[in-house]
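Descriptive analysis of the structure
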Amino acid sequence: MTRHFLDLSSAGADGVAAMLADALARKQARAGWPKGKADADRPLDGRVLAMIFEKSSTRTRVSFDLAVRQLGGTSIVMDAGSMQLGRGETIADTARVLSRYVDAIMIRTDDPAKLEEMAKYASVPVINGLTDRSHPCQIVADLLTALEKGVQLPGSKWAWLGDGNNVLHSIVEAAGLFGFSVAAGCPEGYDPDESFVAEANARLAGSNARVTIERDPARAAADADVVVTDTWVSMGQADSAQKVAAMTPYQVNAGLMAHARPSATFLHCLPAHRGEEATDDILDGNQSAIWDEAENRLHAQKAILLWCFGLIDGRPD
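Everything quoted here is computed from the prediction, not taken from an experiment.

1. Regarding the pairing of strand β4 (residues 126–130)
Across the 5 residues that make up β4, a large majority, 5, are buried. Relative to β4, strand β3 (residues 104–108) runs parallel, the two being bridged by 4 bridges. If you follow Ile-107 over to β4, its bridge partner there is Asn-128.

Structure follows, in structure tokens:
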């Protein structure tokens, strides 16, 4: 059966845990190596990954390209505007054709229905490189970074500050899988999709962990082990002065960060709008792990690819 990675629940807790273990091991094994050198075992030798970008990208594009190369394979990068997809060919037909040429497909798009249609008609693994609904590849990297910083996932508290967007959706999904709490500090009218919150809390029933929505940013950040934010205006959204005004009290600055644990780790998926969602002293401060987090996109993508090809353990829940 073809393994797609459409959301974290595609792999389940066991699958994501296997990815994290593999990512840590491979990262350590190649410490000090040239970045273009393939891993010793070259597990994807001869495999080809097609990458489709309907949205702009730096980290996803470079990390996936290097990921498949380090695993011994190759990649083809395509922008939707330069494909027949941009001239009216259907997602279904594109999926059928690409499945005859390549071994896996990563797509970064807006509408999650496009991702689902690609997976429905592709006979090779399809990976969610981002949709407006979720960003699971980013959160595998975030979990990896938290582990490296000594965070024990079960029972930890993650604070989110800002818009209830696709990145938060995947953090909430991870909370349900790994048993940690999320306090989402969001202004009224910008809450995450309730379906993600409800599903996570159903998984967390009987534990001390919970996903909550907080209007008070200080309360959201209180005693947090991990503090996370993102840009207030996501790709494709209109830059609304009203939205920015609503988000301003949720800026991660020294005063807000002081409510978290002294050992708390600060994460941001980047790119950052410095001085808006977070101040320079936080982004560049001692508690920030944003550059480790960005690097870990590479190691996370490698593990995701290997899971999709059935080369590491872990089954969906």
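2. Section: the side chain of Gln-251
Within the element layout of this structure, Gln-251 appears in the loop between α9 (241–247) and α10 (254–257). Given the relative accessible area of 17%, Gln-251 is considered buried. The contacts of Gln-251, once residues within four sequence positions are left out, are Trp-232, Leu-256, Gly-275, Glu-276, Glu-277, Ala-278 and Thr-279.

3. Thoughts on the layout of surface pockets
What the second largest pocket holds in volume is close to 350 Å³. Residue lining of the second largest pocket: 17 residues in total, with Lys-35, Gln-70, Glu-295, Leu-298 and His-299 positioned closest to the centre. Looking at the lining of the second largest pocket, the elements with two or more residues in it are α2 (59–70) and α12 (290–308). With 6 residues, the top contributor of residues to the lining of the second largest pocket is α12.

4. Some thoughts on the packing of aromatic side chains
Overall, the coordinates contain 2 aromatic pairs when judged by the stated rule. With a centroid separation of 6.4 Å and 70° between ring planes, the pair formed by Phe-5 and Trp-307 is classed as edge-to-face. Of the two residues, Phe-5 sits in the segment before α1 (8–29) while Trp-307 sits in helix α12, which places them 302 residues apart along the sequence. Neither Phe-5 nor Trp-307 differs from the other in exposure class; each is buried. Here the aromatic rings of Trp-158 and Phe-180 are separated by 4.8 Å at their centres, their planes lie at 20°, and the arrangement is stacked. Linking Trp-158 in strand β5 (residues 157–161) with Phe-180 in the loop between α6 (166–178) and β6 (181–185), this pair joins segments that are 22 residues apart in sequence. In this structure Phe-180 comes out as buried when scored by relative accessible area, which is 0%.

Conventions and cut-offs
Residues numbered from 1 in each chain as written. Predicted model: local features only at pLDDT ≥ 70, side-chain atom pairs only at ≥ 80, totals over all residues. Heavy atoms only, no water. Buried < 20%, exposed > 50% of the residue type's maximum accessible area, 1.4 Å probe, protein only. Helix = DSSP H or I, 4+ residues; strand = E, 2+ residues; numbered from the N terminus. Pairing = 2+ DSSP bridges. Contact = heavy atoms within 4.5 Å. 1 Å grid on protein atoms, 1.4 Å probe; cavity = no way out; pocket = protein on both sides within 12 Å on 5 of 7 lines; lining within 4 Å. Points joined across faces, edges and corners; volume = space filled by probe spheres on them. Phe/Tyr/Trp six-rings, centres within 6.5 Å; stacked < 30°, edge-to-face > 60°.

Treat this as a map of the structure, not an account of what it does.
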